[in-house]
Amino acid sequence: MTAQVDTERPVVIASGDQLKAKRLPTWAPVAVAAAAIVLAAGLVMGTGWGGPVLTGVVAAVLFIVGLGVAGGVVEGRRAGSNRVATTLIYSAFLLALAPLLSVAFVLVTKGFERLDGNFLGTSMKNISAFDANGGAYHAIIGTLEQAGIATLITVPLGIAGAIYIVEYGRGFLANAIRFFVDVMTGIPSIVAGLFILSFWVFVVTPIFNDGRPGYSGFAAALALSVLMLPTVVRSTEEMLRLVPGALREGAYALGIPKWKTIMKIVLPTAGPGIVTGCMLAVARAAGETAPVLLVAGGNPAINFSPFSDNQSSLSLYVFEQAGVASQYAPARAWAAALTLVVIVLTLTVLAKLLARRNKLAR
Amino acid sequence: MKLKRHGLLASVALCATLALAACGSDNEEPGGSGVDASKADCATGSLNARGSSAQKNAMDEWIKAYQQQCSGATINYQGDGSGAGITAFTGNTADFAGSDAALKDGDETTKATTRCGGNAPLHLPMVVGPIAMAYNLEGVKDLQLSPATIAKIFSGAVKTWDAPEIKADNPSATLPSTQILAIHRQDSSGTTENFTDYLGKTAPDVWTFGKGKDWKAPGGQAEQKSDGVAGAIKKSAGAIGYVELSFAQVNALSIAKVKNGAGEYTALTGEAAGKTISGAKVTGTGSDLKLTIDYTTKQAGAYPLILVTYEIVCSKGNPADKLPLIKSFLTFTASSAGQKQLEKLGYAPLPEETRAKVEAAAKTLA
Amino acid sequence: MATTTGVPSPPAAGPGEGGSLPRKRPLGAEMLFRGTTTAAGTMVLVIIVAIAVFLIWQAVPALTDNDANFLTEENWYANDNPPRFGIAATAFGTVLTAVIALLLAVPVALGIALCLSHYAPKRVATPLGFIIDLLAAVPSVVFGLWGRDYFFEPVQGLSRFLHENLGWLPIFGSEGPYGKSVLLGSIVLAIMILPIVTSLSREVFMQTPAQNEEAALALGATKWEMIRTAVLPFGRPGIIASVMLGLGRALGETIALALTLGGVYKVSFDLIGPGGTSIAANIATRFGEANEVGRSALIASGLVLFAITLVVNMIARAIVYRRREFVGGSA
């Protein structure tokens, strides 16, 4: 690589003023941009080829090419390609920003149309296609209960699993578990839903339910647990590994048994990081639609019991309202989407802030 | 220690959320939609019903009216499709099913009979839903379509709105050259079954895809449920789809006139649909009121493309705790007051003769 | 469930047992704790195996009833009697949308990641990275709804433009009408996996050893050459892994695709005409209507999806693990 660099820059050894490489003036990019826009407008509008969007795209392409050529001529080929790469990298950023901003804009403007006390305080019971009101209270309850139960199941299980991997696990079993925890992270939510459907709803619940399959909020919580477990194990594992060995050794030296060391010293030290991981996992699970659709079924009325009868959830509510042919449905869908995003992002932001105060992580 | 503190924080937050959330309620008070307080013979308890999405709007309205009169009753109707309804009914998770098509002889009927403790299941025609040919085509108001043209559009043979076939049906309209987006149901549905059956009977040369709950013709765009079809038509210029009338009305979609067996292009009205219904034959026995519709009806002024949806319920052997409510609710829906409520939703009321039979049948449930 | 007997007999004294003394151990508590954690760890394996077992169990009835070849049939008439269904179209659609989404998302995501790790000033990059992480948490149903109701129009325009100018390519051959299409679904999917690929590859790029970067710069490399010669080769396994994870996510995405694909059961490379379907979207849209056989058939297709994602993820993880051996970083 170095040899190539040398052959390309034979001039460097020359006299003093040549040591300072020639640079494009600072106004050059602006000029190229202006030229690109004018040229693009002329090309696109003049030929009647397309509208302002196409003009923008053509202008951007012309800008990148033009800047590359100008840089290449004045500063040399390598500097030219550097400019092109820089521009491309920044424009990737802008390109991605546009749709994401659009999502945020629509979410906020459409969401606030119906987001009021009535929406947050009532359900969809007795609401037909011709009624303007109706709310998401039942769905909020569903989301909170399902995510809450999933957390209660997953957090102890996940932390215990991570403790095994870090503190006890040796050899094939531990390696296999580590590997499959990572693989499990990628299980699609709908597969988790189908699993709980074919295991819990079709096989286990009929035993207690006179042979009828029992769709319930609890089944949804189980499906969410399947999705959360690998995330919790993984983040806990990373936090546990960050706990300094000296702490453990100090405890052992005092004759404290291993399990007590883990419970009283290792876990509290890693505590904030573990909480962060768990919150991120909950946030992701709370936004899942597919498993709830398959195993909780949805219910327009308030159902506080997660163990009997169908339940709804916010994400499912959004999906349902998205398909309802009522002129009032889109406003409800967006208001629920906004509520859901607020819940999920609050959890995420709290988790990330907590992570920042965490002294163990870098 | 730290862990404990965070746990505490979390539980405080959880309690606060729950406390805040505990002030919600279902919409029990009478709504603003002006439901007449028609007399229903109230019963109490709770029912779970499931089935046809074509009758969902009707059911929602009836349930609302009934629950507001009868405070002790809770009725759930999940409109996720006839297939799901029949499965739920035979699987004993629904107390009655709404279906766009009668139970098939054989497996379906056997299972339903077993579920009813050896008693025959009844078909009560309850909701007549005319199927609208809803379209979205700017500048074209009174589109007229013959069955053969509809069949060609949905089989992909006619691709643009200014095709000669459509021009022949609409000699006076100026048709744009917009492409046709034919929208069909993605899920299996009784609406699809009725629509394909209609096409097969009225345009047998063109429609070669048979009848069935699943859409089998190539091309077009699929949408989920009646809601999805109506919503997609509303959004897409040049779209046409078959959807049960009330969904077209909710979305304020334009509706095409359809040519009947007498050669007239008929607009979709309750009255026009009623004329086709009154020509339908009852093929069930006793209280079982299975209907066969004559899609090629030659009656003047009849709108031929209609869908009859049934409530499927056990004639006898309903659980004692559910029976009074099933009986009371279905009697209410079959009453003239109940049927009258459907008009404003875009359903056609049952013709009086049929309605009387249904009401009588509902009263015999045991 | 938790009766896992696969607990290995504890070794005499593993390296991690440090200085704990053998005498007078509260054997009961230690054994109990160890057993509990082992059981919890083993749960992961149990769940993976259970998923496969239960899905196969519930899928068999439909597969034996099926009147068509499950692998080659395109249509999905699972509720018919006899049922005829196959995964050819849905599996093809799943892979097609996921691959297109990746092709669109990965270059952009890598650009953003580089921008955040090496170009933007730190004061801007840190909050922006935070926002990207937040976007990864936005539920997919929100993106789906947005794609169906708002993004739909620009994509329609794009489809028209692509057809008018590149119509000779079979993938842009459809003359319209342009509604829900593979293109719409793929772009929405691309927007959704963008934050995931970005945040993973950003982390990898930030881990590039400073010596490598400085060495490249000291040799006179421009910034781009430094990135090409130091950052990208170092991050390559990480990039591959993040792409594979993005692929895994794209393959399994359900609701956004259920809302944006046209639901046409056909193996076709036509990107802009109404069409497209995927295994997950097919399950979500057909589940409510399905009868017993229909449900079982949907579970069978879920099994295929499970297998595909399992393979993709195992490959991704294998790559990450190989890298970890010599870098020791986390991914």
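Under an unreviewed UniProt entry, the name given to chain C is Phosphate transport system permease protein, and the organism recorded is Virgisporangium aliadipatigenens. Per UniProt, chain C carries the Sequence similarities (unreviewed entry) text "Belongs to the binding-protein-dependent transport system permease family. CysTW subfamily." Turning to chain C, the UniProt record has this under Subcellular location (unreviewed entry): "Cell membrane".

In the annotation of an unreviewed UniProt entry, chain B is listed under the name Phosphate-binding protein and assigned to Virgisporangium aliadipatigenens. Per UniProt, chain B has the following entry under Sequence similarities (unreviewed entry): "Belongs to the PstS family."

Draft legend 1. View of the environment of B:D294. Residue and element names in this part refer to chain B. Topologically, D294 is positioned in the loop between β13 (291-292) and β14 (306-314). Overall, the relative accessible area of 35% leaves D294 in the partly exposed class. Spatially, the C-alpha atoms of D294 and Y198 are 9.1 Å apart, while their sequence positions differ by 96 residues. For D294, the side chain forms a polar contact with the side chain of T296, separated by 2.9 Å.

Draft legend 2. The side chain of A:R248, seen in detail. Residue and element names in this part refer to chain A. With respect to the helices and strands, the residue R248 is situated in helix α11 (residues 245-253). Among the polar contacts listed, one links the side chain of R248 to the backbone oxygen of L240, at a separation of 3.1 Å. Ignoring anything within four residues of it in the chain, the contact list for R248 reads V166, E167, L240, V243, T261 and V266.

Draft legend 3. Representation of the packing of aromatic side chains. Under the definition given, this model contains 31 aromatic pairs over all chains. Relative to B:F195, the ring of B:F154 has its centre 5.2 Å away and its plane inclined at 75°; by these criteria the two rings are edge-to-face. Placement of the pair is B:F154 in helix α5 (residues 147-155) and B:F195 in helix α7 (residues 190-202), with a sequence separation of 41 residues. What links up through ring pairs into an aromatic cluster is the set A:F195, A:F199, A:W200, A:F218, A:F307, C:F54 and C:W57. Between the NZ or CZ atom of A:K258 and the centre of the ring of A:Y168, over which it lies, the distance is 4.7 Å. Here the basic side chain of C:K223 rests over the ring of C:Y119, its NZ or CZ set 4.8 Å away from the ring centre.

Draft legend 4. Broad picture of the UniProt feature "transmembrane region" (unreviewed entry) in chain C. Residues and elements named next belong to chain C. The positions that UniProt labels "transmembrane region" (unreviewed entry) are, in the present scheme, residues 32-57, 85-116, 128-146, 178-197, 238-261 and 297-316. For residues 85-116, helix accounts for 91% and strand for 3%, while the C-alpha atoms at its two ends are 47 Å apart. In this annotation, residues 128-146 is assigned 79% helix and 0% strand; the end-to-end C-alpha distance for the span is 22 Å.

Draft legend 5. Main features of the nonpolar core. Core analysis: the largest hydrophobic core is formed by 195 residues, its most contacted members being A:I190, A:F195, A:I196, A:W200, A:L240, C:I51 and C:V142. Sort the elements by how many residues they give to this core and helix α2 (residues 88-119) of chain C lands first, with 18 residues. Each of domain 1 (22-111) and domain 2 (119-361) of chain A contributes no fewer than three residues to this core. With residues near it in sequence (within four places) discarded, A:I190 still touches A:A290, A:L294, C:T254, C:A280, C:I283, C:A284 and C:L305. The next biggest cluster of nonpolar side chains, apart from the first, holds 102 residues, and it includes B:M126, B:I150, B:A273 and B:Y347.

Draft legend 6. Structural view of the state of the cysteines. All names here are of chain B. The final tally for this structure, using the stated rule, is two disulfides over all chains. Paired by a disulfide, C42 and C70 hold their sulfur atoms 1.9 Å apart. The disulfide joining C42 to C70 has a torsion of about -75° about its S-S bond and is therefore left-handed. One end of the pair, C42, is in the loop between α1 (2-21) and β1 (45-51); the other, C70, is in the loop between α2 (56-69) and β2 (73-78), and 28 residues separate them in sequence. On the accessibility criterion, C70 (2% relative accessible area) is buried. Put simply, C116 and C314 are joined by a disulfide, and their sulfur atoms are 1.9 Å apart. What sets the handedness of the C116 and C314 disulfide is the S-S torsion sign, and at about -80° it is left-handed. Here the residue C116 occupies a position in the loop between α4 (107-115) and β4 (121-136), and C314 occupies one in strand β14, the gap between them amounting to 198 residues.

Draft legend 7. Fine view of the UniProt feature "binding site: phosphate" (unreviewed entry) in chain B. Under the UniProt annotation, the feature "binding site: phosphate" (unreviewed entry) is placed at B:S52, B:S53, B:A54, B:S82, B:D100, B:S189, B:G190 and B:T191. With the annotated positions falling across 140 residues, the maximum pairwise C-alpha distance of 9.4 Å places them together in a single cluster. Along the chain, B:S82 turns up in helix α3 (residues 82-90). Once residues within four sequence positions are removed from consideration, B:S82 is found in contact with B:G51, B:S52, B:G98, B:S99, B:D100, B:G190, B:K213 and C:E289. Position of B:G190 among the secondary structure elements: in helix α7. Those residues in contact with B:G190 that lie beyond four places of it in its chain are B:S82, B:D100 and B:L307.

Draft legend 8. Structural view of the interface of chain B and chain C. Listed by partner, the interface residues are 26 residues for chain B and 26 residues for chain C. Carbon and sulfur atoms make up 42% of the surface buried where chain B meets chain C, a total of about 2100 Å² over both sides. If you sort the residues of chain B by the area they bury against chain C, B:Q179, B:Q186 and B:K235 come out on top, with a joint share of 27%. Contributing elements (two or more residues each) for the side of chain B that touches chain C: α3, β6 (181-185) and β7 (221-223) of chain B. The element that contributes the greatest number of residues to the side of chain B that touches chain C is α3(B), accounting for four residues.

Draft legend 9. Representation of the pairing of strand β3 (residues 96-99) of chain B within the structure. All names here are of chain B. Residue alternation in β3 divides its side chains into two sets, F96 and G98 and A97 and S99, and both sets are buried. Two strands pair when backbone bridges link them, and β1 and β3 are joined in this way by three bridges, in the parallel orientation. Residue pairing in the sheet places G51 in a bridge with G98 of β3. One ladder, built from three bridges, connects β3 with β14; its direction is antiparallel. Considered in β14, the bridge of A97 is made with I312.

Draft legend 10. Here's a closer look at the interface of chain C and chain A. Facing 93 residues of chain C, the contacting portion of chain A comprises 87 residues. Summed over both sides, the interface between chain C and chain A buries roughly 8200 Å², with carbon and sulfur atoms accounting for 77% of that surface. Scanning the region where chain C abuts chain A turns up two salt bridges. A salt bridge links A:K352 to C:D133; the nearest nitrogen and oxygen atoms lie 3.1 Å apart. For the pair chain C and chain A, the number of links is eleven residue pairs in polar contact (both at pLDDT 80 or more). Here the element with the most residues in the side of chain C that touches chain A is helix α1 (residues 27-65) of chain C; it accounts for 20 residues. Of the residues belonging to the side of chain C that touches chain A, the class tally is 59 nonpolar, 22 polar and twelve charged.

Draft legend 11. Local environment of unusual backbone geometry. Here A:D309, not a glycine, exhibits a phi torsion of approximately 70°, which is positive. Phi is positive for B:A252, which is not a glycine, with a value near 50°. Following the sequence through the fold, B:A252 ends up in the loop between α9 (245-250) and β9 (254-255).

Draft legend 12. Representation of the packing of helix α7 (residues 137-168) of chain A against helix α10 (residues 217-242) of chain A. All names here are of chain A. Put simply, α7 and α10 touch, their axes get as near as 6 Å, and they point 35° apart. α10 is crossed by α7, and the crossing has right-handed handedness. When grouped by side-chain class, the residues that make up the contact of α7 with α10 number 21 nonpolar, seven polar and two charged.

So, how was this worked out
Position numbers for residues count from 1 along each chain, tracking the sequence in the order it is written. Think of it this way: whatever chain is written first is A, whatever ligand is written first is 1, and the rest follow in order. With pLDDT at 70 or above as the cut-off, local features in this predicted model cover only qualifying residues; side-chain atom pairs require 80 or more to be listed or tallied, and sums for whole chains, interfaces and linings still use all residues. Side-chain metrics rest on all non-hydrogen atoms present in the structure, leaving aside hydrogens and water. UniProt positions are given in the numbering used here, feature names are shortened, and annotations may be inferred rather than shown by experiment. Only DSSP runs of H or I reaching four residues or more are called helices, and only runs of E reaching two or more are called strands; each is numbered from the N terminus. Only protein chains enter the area calculation, which uses a 1.4 Å probe; residues under 20% of their type maximum are buried, those over 50% are exposed, and those in between are partly exposed. Each polar contact in these results corresponds to two N or O atoms within 3.5 Å; when the atoms are within protein, one needs to be able to donate a hydrogen and the other to accept it, and residues that are neighboring in sequence are counted only if both atoms are side-chain atoms. Residue contacts are counted whenever heavy atoms from the two residues lie within 4.5 Å of one another. Geometry of aromatic contacts follows a simple scheme: Phe, Tyr and Trp rings, the Trp one being its six-membered ring, pair when their centres are within 6.5 Å, and the pair is stacked under 30 degrees between planes, edge-to-face over 60, tilted otherwise. For a lysine, the NZ atom is tested; for an arginine, the CZ atom; a charge sits over a ring if that atom is within 6 Å of the ring centre and within 35 degrees of the ring normal. Buried residues of nine kinds, namely Ala, Val, Leu, Ile, Met, Phe, Trp, Tyr and Cys, make up a nonpolar core once their side-chain atoms join them within 4.5 Å. Reported domain spans reflect what an automatic or database domain assignment gives. We call a pair of cysteine sulfur atoms a disulfide when they lie within 2.5 Å. Note on definitions: buried area is the accessible-area loss of two parts on being combined, 1.4 Å probe, summed for both. Two strands are said to pair when DSSP picks up at least two bridges between them. We count a salt bridge whenever a side-chain nitrogen from Lys or Arg sits within 4 Å of a carboxyl oxygen from Asp or Glu. Following the grouping adopted for this structure description, the nonpolar residues are Ala, Val, Leu, Ile, Met, Phe, Trp, Tyr, Cys and Pro, the charged ones are Asp, Glu, Lys and Arg, and the polar ones are all others, Gly among them. The axes are straight lines fitted to the C-alpha atoms, using for helices just the contacting stretch, and the angles between their N-to-C directions are given from 0 to 180°. Helix crossings get a hand from a simple test, with the near helix turned counterclockwise from the far one by less than a right angle marking a left-handed crossing and a clockwise turn marking a right-handed one.

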